[in-house]
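Structure assessment
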Amino acid sequence: GTIRPRSVAAHAKRLDMPKYEAHVNRTQGERLRIAIIGAGIAGMTAAAALADQNHAVVVFEKSRGPGGRTATRRAGEIRFDHGAQYATSSDPRFTAQLHAWEEAGVVEEWPGQIHDLATRTSKTGKTRWLGTMGMNAICKHLAEGIDLRRSCRITALERVDAGWRLCDELDALPERERIFDNVIVTAPAPQAGDLLGPVHHEFAQMAKGITSDPCWALMAVTNTDTSPPWRGAFADSNVLGWLATHPLDNGHQQWVVHATSEWSRQHLEDADEAVAGLLTQALRETSEVGTIVSANVHRWRYARVVNPEARGALFDAETGLAVAGDWLGGGAKIESAWLSGCAAAGLILRSQLSAA
């Protein structure tokens, strides 16, 4: 037909906007009350998808904010992305999502080069994405408009006549806020296994069969005003596996260093001060960093999934219990967690439509 221009104002006059809004925001079937345990990528992705379908979603997070392993730690004006350093994509659905986040100002392409210190060559051919204001920008974006209960650790699930009852560590939830139609567990596999054990043996055994490697992360500031020719590097070291750096406005350098899985396992229960000393020494031996101005460490017990499943998500339609996480999405990647969160939300929505 003929393409004719029409202004937004003119178009609005031709539509019953309140009616159209009600139609778009309508719930397909009964409005569900859904609890999501964990505010990482998988949990917040599922939350955003389900809330978009007008379901009542509540996310419970034991930490002070969303992010999970895409957490960002602040030290004054400095931000340390001490967990996942970047996102990559091999699935066209996640690629499209990354570009949508880029348009929304949530992510941007990695600036600068990434090197392999063993071969002294640049790593090319793969686009890496950063959160524009830290890696937790992604989960913060997904959390907009979501009922997020921070610093609330869920310790047990109970199957009751009304659905699912949640028990929190401090017993602070009012009784009326404990009952849900559906629950999605997105904790790391070992923690998910413990939580699922009393209520779903099959899912619990699957989670407990997953092995995760630990990782000690060092967050440091140095007083050198010289930068290496790279912004990120894979290290050739028995101690260090990854280094990332960028200059600060005051002439100092900021560093995030990840220890190897083997070294982290050997020192898993060491004191923070001892680990910080060993990792700063390894950093000095790897790069010319000058004087260490500050150094802190963080222990990720479940940093890297060794034997992931490629199931997307788990779902028991009879009870309304779902499980999601990178360990079900095929690997220890932001992409894997996002795909799993989408799968969990899709399984719940499909089940609801089937029952309607």
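In this report, we go over the structure that sits alongside the text.

Conventions used here
Residues numbered from 1 in each chain as written. Predicted model: local features only at pLDDT ≥ 70, side-chain atom pairs only at ≥ 80, totals over all residues. Heavy atoms only, no water. Buried < 20%, exposed > 50% of the residue type's maximum accessible area, 1.4 Å probe, protein only. Helix = DSSP H or I, 4+ residues; strand = E, 2+ residues; numbered from the N terminus. Arc of directions from axis to C-beta. Contact = heavy atoms within 4.5 Å. Salt bridge = Lys/Arg side-chain N within 4 Å of Asp/Glu carboxyl O. Axes fitted to C-alpha atoms, helices over the stretch in contact; angles between N-to-C directions. Parallel < 35°, antiparallel > 145°, perpendicular 65-115°, else oblique. Left-handed = near helix turned anticlockwise from the far one by under 90°. Nonpolar A, V, L, I, M, F, W, Y, C, P; charged D, E, K, R; others polar. Patch = residues over 30% accessible without salt bridge, like charges linked within 9 Å, V, L, I, M, F, W, Y side chains within 5 Å. Areas by Shrake-Rupley, 256 points an atom, 1.4 Å probe, with all protein chains shown as cover. Lys, Arg positive; Asp, Glu negative; His and termini not counted. Charge placed at Lys NZ, Arg CZ, Asp CG, Glu CD.

**Things to note about helix α6 (residues 189–196)**
Every buried residue belonging to α6 is among A189, A192, G193, L195 and L196, and all of these are buried. The buried residues of α6 occupy one face: seen down the axis, they fall within an arc of 165°. Those residues of α6 hidden inside the fold are in contact with β1 (33–37), β10 (154–160), β13 (182–185), α7 (201–208) and β20 (321–323).

**Describing the pattern of salt bridges**
For side chains bearing opposite charge, pairing can occur when the charged atoms are close. Tallied over the entire structure, the rule returns 14 salt bridges. We note a salt bridge from R149 to D147, for which the minimum N-O separation is 2.8 Å. The exposure class of D147 is partly exposed, given its relative accessible area of 32%. Connected via shared salt-bridge partners are E158, R165, D168, D171, E175 and R178.

**Overview of the packing of α6 against α7**
What describes two packed helices is the angle between their axes and the distance between those same axes. As a packed pair, α6 and α7 sit with axes 8 Å apart at the nearest point and diverge in direction by 155°. By the angle between their directions, the pair α6 and α7 is classed as roughly antiparallel. Judged by the sense of rotation from one axis to the other, the crossing of α6 with α7 is left-handed. When α6 is examined against α7, the residues A189, P190, A192, G193, D194 and L196 are found in contact with a partner set consisting of F203, A204, A207 and K208. Within the contact of α6 with α7, the residues separate by chemical class into seven nonpolar, one polar and two charged.

**Brief notes about a negative patch on the surface**
On the surface, E102, E103, E108 and E109 cluster together into a patch of negative charge. Looking at the negative patch, the elements with two or more residues in it are α4 (92–103) and β5 (107–109). Assignment of secondary structure puts E108 in strand β5. By relative accessible area, E108 is classed as partly exposed at 36%.

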